[in-house]
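Chains, contacts and geometry: an overview
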Amino acid sequence: ELKERLLIARLDVIYMMALEDSGKLNEKYKNYQDQITKIRELVNKTKQMALDAEEKKHLASFAEGSDAYDAQALKLANMILEARRTGDRGAIAEATNFGSTQVAPLYQKPAEAIAELYKKGVEDSDAISKRADTSTQRDIVIFLAVIILAVLGSIVIATVIARGISNTLKEVFNTMAR
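Quick look at the structure, then. (Residues numbered from 1 in each chain as written. Predicted model: local features only at pLDDT ≥ 70, side-chain atom pairs only at ≥ 80, totals over all residues. Heavy atoms only, no water.)

In this section: the overall build of the protein. Counting its secondary structure elements, the protein contains 5 helices and 0 strands. Helices and strands appear in the protein in the N-to-C order α-α-α-α-α. Expected size for 178 residues packed as a compact globule is a radius of gyration near 16 Å; at 36 Å, the protein overshoots this value by more than 25%. Projected onto the principal axes, the alpha-carbon positions of the protein cover approximately 130 × 35 × 25 Å. Scored against the burial criterion, the 178 residues of the protein give a buried share of 24%. Relative to all contacts within the protein whose residues are 6 or more apart in sequence, the contacts with residues 24 or more apart total 74%. In the form shown here, the protein has an accessible surface area of approximately 12,100 Å², with 59% of it arising from carbon and sulfur atoms. Averaging the coordinates of the 25 positive side-chain charges in the protein and doing the same for the 25 negative ones gives two points 6 Å apart. (Helix = DSSP H or I, 4+ residues; strand = E, 2+ residues; numbered from the N terminus. Rg over C-alpha atoms; globule rule 2.2 N^0.38 Å. Buried < 20%, exposed > 50% of the residue type's maximum accessible area, 1.4 Å probe, protein only. Contact = heavy atoms within 4.5 Å. Areas by Shrake-Rupley, 256 points an atom, 1.4 Å probe, with all protein chains shown as cover. Lys, Arg positive; Asp, Glu negative; His and termini not counted. Charge placed at Lys NZ, Arg CZ, Asp CG, Glu CD.)

Right, here's the structure in full:
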């Protein structure tokens, strides 16, 4: 969800550079701020989870990169709002240049950090799945062994009971025959 929200925030700023309608500009500006707020909430929530050292490192890198991106993207958004409000073409060009040279490169660090965090999660999930498969296979073997032992035990008990009954009947018939 962090990756998605960061991408949405980035797109909001990019759209702001292309929009001229003040209502839509303000909508994108508000949406950008909402996404950044949600990102910070998710980062804080994720920090409360049981994370290993590598996950903590990637999360810290994401938070640091996201904050750096936010500081400059917010500056860009305000530049765009002011330039569009005044209609100053030079200020619009300056904002566009600032966005492509200063803000855009800052997206890479949090994007890479979240990609590494996601990759680590997938690897951990695969390891858990493999351990579960191994455990399940072991449980099946144990279950089959118990069933085989139960069947063999039943056969032995049935044989003992049958012999006991047949020996007793032989004695009864021998006694009756005498």
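Continuing now.
What follows is about the pattern of salt bridges. Evaluated as defined, the whole model comprises 7 salt bridges. One salt bridge connects Lys28 with Asp12, and the closest N-O pair in it is separated by 3.7 Å. Within this pair, whereas Lys28 is found in helix α2 (residues 22-47), its partner Asp12 is found in helix α1 (residues 2-18), the two being separated by 16 residues in sequence. For Asp12, a relative accessible area of 2% puts it in the buried group. With a shortest N-O distance of 3.0 Å, Lys30 and Asp34 are connected by a salt bridge. (Salt bridge = Lys/Arg side-chain N within 4 Å of Asp/Glu carboxyl O.)

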